[in-house]
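Structural overview for review
Letter by letter, the chains look like this.
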Amino acid sequence: MEDCLAKKMEITVSEAEKRTGRNAMNIQETYTAYLIETRAVESQSEGQCAPVESLWRRYSEFELLRNYLSVTYPHIVVPPLPEKRADFVWHKLSADNMDPDFVERRRIGLENFLLRVASHPVLCQDKIFYAFLMQESGWKEMVNETGFQLKADSRLKALNATFRVKNPDKRFTELKHYSDELQSVISHLLRVRARVADRLYGVYKVHGNYGRVFSEWSAIEKEMGDGLQSAGHHMDVYAASIDDILEEEEHYADQLKEYLFYAEALRAVCRKHELMQYDLEMAAQDLTSKKQQCEELATGTVRTFSLKGMTSKLFGQETPEQREAKIKVLEEQIQEGEEQLKSKNLEGRDFVKSAWADIERFKEQKNHDLKEALISYAVMQISMCKKGIQVWTNAKECFSKM
C-alpha cells in the first residue's frame with residue numbers, strides 16, 4: 001500500500017459541467033463532463049507548490065475504464081461506479097440524471113471510484129488508468145489497442161458454465177450466495193429508507209402548518225400574540241430544514257449503494273472462476289476420451305458404443321497402417337492435452353490464490369466502510385431527533401411566557 005498511486009498523487013473530481021455535442025451517430029445530445037484534477041504529493045512535501053494537471057471526462061469514459069479493468073484483472077473485485085440514473089429515491093427527489101443535486105452526488109461517487117482504484121495495490125499500477133488521469137487525447141485509442149473486448153467472456157458462456165460445472169469450489173459458491181444476499185439486504189434497506197424519508201418529509205412539513213396556524217392565531221390575540229408568533233417561527237424553521245436533512249441523508253444512501261454495486265463485482269469474480277473450472281473439466285474430459293480411443297485402437301477392443309465402431313463392423317476393419325497413423329495422431333493430441341491441462345491447473349491455482357487475497361482485502365474494507373456509514377447515519381438521526389425536541393422545548397418556553 002505504500003507504493004499505491006493515492007499516496008503519491010492527489011486526485012479529485014472537482015467540477016461537473018453540462019455540455020451539448022454530437023455522439024458517434026452524429027445525433028446531438030446533452031451530457032455531463034467531469035473535471036479531474038491531479039497534483040503530485042512529493043513536491044508539496046518538499047515545500048514546493050506542485051502544478052495541477054486537469055482534464056475532462058464523460059461518464060461513458062469512466063465506464064470504459066472500469067470495463068477494461070474488469071476484463072484485464074478478472075481476479076480483482078473492481079470498485080463500482082456510482083449509478084448512472086437515480087434509483088431508490090423518495091418522492092420529492094428528482095430521478096433526472098441532469099438534476100444538479102444528483103450530478104453533484106455522482107461527482108462525489110466518481111471521485112470515490114478513482115480513489116478506490118488509486119488505492120488498490122494492483123489496479124493503481126495500471127498504465128491505462130494512469131493515462132486516464134493524465135492524458136486527455138488518445139486515451140480511448142490506447143484502451144482499444146489492448147484488445148480487452150476480445151478477452152471479455154460472453155454472458156451465455158458464463159451462464160453455461162454456472163449450470164455445467166461438476167466440481168465447483170465451495171468457497172466461491174458460498175461467496176456467490178453471500179453477494180446475492182448482500183445485494184438483497186441493501187436493496188431492502190434502501191427501499192425502507194426511501195419510505196421513511198417520505199414519511200419524515202410529511203411530518204416536518206406538518207410543522208409548517210403549525211407555524212402558519214400559530215402565526216394566524218397571534219394576529220387576533222393581544223396578550224398571547226408574541227408567544228404564539230415566536231412558537232410559529234420555530235415551527236417554520238424546523239419545517240424548512242427537512243430538505244437539507246434529506247439531501248445529506250442521500251449521501252449516506254450513496255455509500256450503501258456503492259456496496260450494492262460491489263455485490264455484482266463479487267459475482268463477476270465468482271463467474272470467472274466458474275468459467276475457468278468449466279474449461280478445466282472440459283479439457284480433462286477431452287483428454288480422458290482421447291486416451292480411451294488410443295487404448296481401444298491399440299488393443300482392438302471397443303469399450304463404449306460409437307458410430308465409428310459400428311461403421312468398422314459394417315464396412316470392415318482398418319488396416320494396421322491406418323490404425324498406427326491414428327494412434328500416432330492421438331498420442332500427439334494426448335501430449336498436447338496433458339500440457340494444456342497442466343497449464344489450466346496452474347492458471348486456476350494462481351487465480352484462486354490472487355482472487356482470495358483480494359476478496360479478503362475487500363472484506364476488511366467493506367466491514368470498515370459500512371460500520372462507519374451506519375454509525376454516521378445513526379448519529380445524524382439522533383441529532384435530527386434532538387433538534388425536534390429542542391424545537392418543542394422552545395415552543396413550550398414561548399407558551400409559558402404568554
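Let us look at the structure shown here. These figures come from a predicted structure and were not determined experimentally. (Residues numbered from 1 in each chain as written. Predicted model: local features only at pLDDT ≥ 70, side-chain atom pairs only at ≥ 80, totals over all residues. Heavy atoms only, no water.)

Quick look at the overall build of the protein
Helices and strands together make up the secondary structure of the protein, namely 13 helices and three strands. For the protein, the residues scored as buried account for 39% of the 402 residues in total. A total of about 23900 Å² of accessible surface is found on the protein, and carbon and sulfur atoms cover 53% of it. (Helix = DSSP H or I, 4+ residues; strand = E, 2+ residues; numbered from the N terminus. Buried < 20%, exposed > 50% of the residue type's maximum accessible area, 1.4 Å probe, protein only. Areas by Shrake-Rupley, 256 points an atom, 1.4 Å probe, with all protein chains shown as cover.)

Description of the side chain of Arg66
Residue position: Arg66 is located in helix α3 (residues 59-72). Put simply, Arg66 is tucked away with no salt bridge, and the nearest opposite charge, on Glu264, sits 7.5 Å away. Aside from chain neighbours lying at most four places away, what touches Arg66 is Val78, Pro79, Pro80, Leu81, Phe113 and Ala265. (Lys, Arg positive; Asp, Glu negative; His and termini not counted. Salt bridge = Lys/Arg side-chain N within 4 Å of Asp/Glu carboxyl O. Contact = heavy atoms within 4.5 Å.)

A look at the packing of α3 against helix α5 (residues 127-134)
Put simply, α3 and α5 touch, their axes get as near as 10 Å, and they point 165 degrees apart. Between α3 and α5, the interaxial angle falls into the category roughly antiparallel. Viewed along their axes, α3 and α5 form a crossing whose handedness is left-handed. Judged by residue contacts, Glu61, Phe62, Leu65 and Tyr68 of α3 engage Ile128, Phe129 and Phe132 from α5. When its residues are assigned to classes, the contact of α3 with α5 shows six nonpolar, no polar and one charged. (Axes fitted to C-alpha atoms, helices over the stretch in contact; angles between N-to-C directions. Parallel < 35°, antiparallel > 145°, perpendicular 65-115°, else oblique. Left-handed = near helix turned anticlockwise from the far one by under 90°. Nonpolar A, V, L, I, M, F, W, Y, C, P; charged D, E, K, R; others polar.)

Structural notes on the pattern of salt bridges
Once their charged atoms are close, side chains differing in charge can pair, the charge on each being opposite to the other. A full pass over the atoms with the stated rule returns 25 salt bridges. A salt bridge links Glu111 to Arg107, with the nearest nitrogen and oxygen atoms 3.9 Å apart. Residue Glu111 and its partner Arg107 are located together in helix α4 (residues 100-119), separated by four residues, close to a single helical turn. Note that Asp180 is salt-bridged to Arg267, the shortest N-O span being 3.0 Å. A residue pair is termed long-range when its members are at least 10 positions apart, and Asp180 in helix α9 (residues 170-218) and Arg267 in helix α11 (residues 242-299) qualify at 87 residues. Assessed through its relative accessible area of 10%, Arg267 is described here as buried. One salt-bridge network, held together by shared partners, links Asp180, Glu264, Arg267 and Arg271.

Things to note about the pairing of strand β2 (residues 28-40)
In terms of strand pairing, strand β1 (residues 9-22) meets β2 through 13 bridges, oriented antiparallel. In the strand pairing of β2, Thr20 is matched with Thr30. For β2 and strand β3 (residues 53-58), the ladder comprises six bridges, and the chain directions are antiparallel. Residue Tyr34 lies in a different strand from β3, and its bridge partner there is Arg57. (Pairing = 2+ DSSP bridges.)

Focus: the sheet that holds β2
Reading across from one edge, β1-β2-β3 is the order of the three strands in this open sheet, with antiparallel pairing throughout. In this open sheet, the two edge strands, each paired with only one partner strand, are β1 and β3. Strand-to-strand twist across the sheet, computed as the mean angle between neighbouring axes with direction ignored, equals 25 degrees. On top of the sheet, α5 reaches β1, β2 and β3; it is set at about 100 degrees to β3, its chief contact.

Quick notes on the side chain of His120
Mapped onto the elements of the fold, His120 is located in the loop between α4 and α5. When its relative accessible area of 3% is taken as the criterion, His120 is described as buried. Side-chain polar atoms of His120 contact the backbone nitrogen of Leu123, separated by 3.3 Å. Not counting the four nearest positions on each side in its chain, His120 is found in contact with Ile76, Asp358 and Arg361. (Polar contact = N/O pair within 3.5 Å; in protein donor to acceptor, adjacent residues only side chain to side chain.)

As for the packing of aromatic side chains
What the rule picks out here adds up to 13 aromatic pairs. Taking the centre distance of 5.0 Å and the plane angle of 70 degrees together, the rings of Phe132 and Trp139 count as edge-to-face. Among the residues examined, Trp139 registers a relative accessible area of 1% and is labelled buried. Aromatic side chains Tyr204 and Tyr238 sit 4.3 Å apart centroid to centroid with 25 degrees between the ring planes, which places their arrangement in the stacked category. With a gap of 34 residues between them, Tyr204 in helix α9 and Tyr238 in helix α10 (residues 225-240) connect regions that are remote in the sequence. The exposure classification of Tyr204 matches that of Tyr238, with both residues buried. In textbook terms, an aromatic cluster arises when at least three aromatic residues are bridged by ring pairs, as seen for Phe62, Phe113, Phe132 and Trp139. Across the ring face of Phe132, the terminal group of Arg57 is positioned such that the distance to the ring centre comes to 4.9 Å. Between the NZ or CZ atom of Arg171 and the centre of the ring of Trp356, over which it lies, the distance is 5.1 Å. (Phe/Tyr/Trp six-rings, centres within 6.5 Å; stacked < 30°, edge-to-face > 60°. Lys NZ or Arg CZ within 6 Å of the ring centre and 35° of its normal.)

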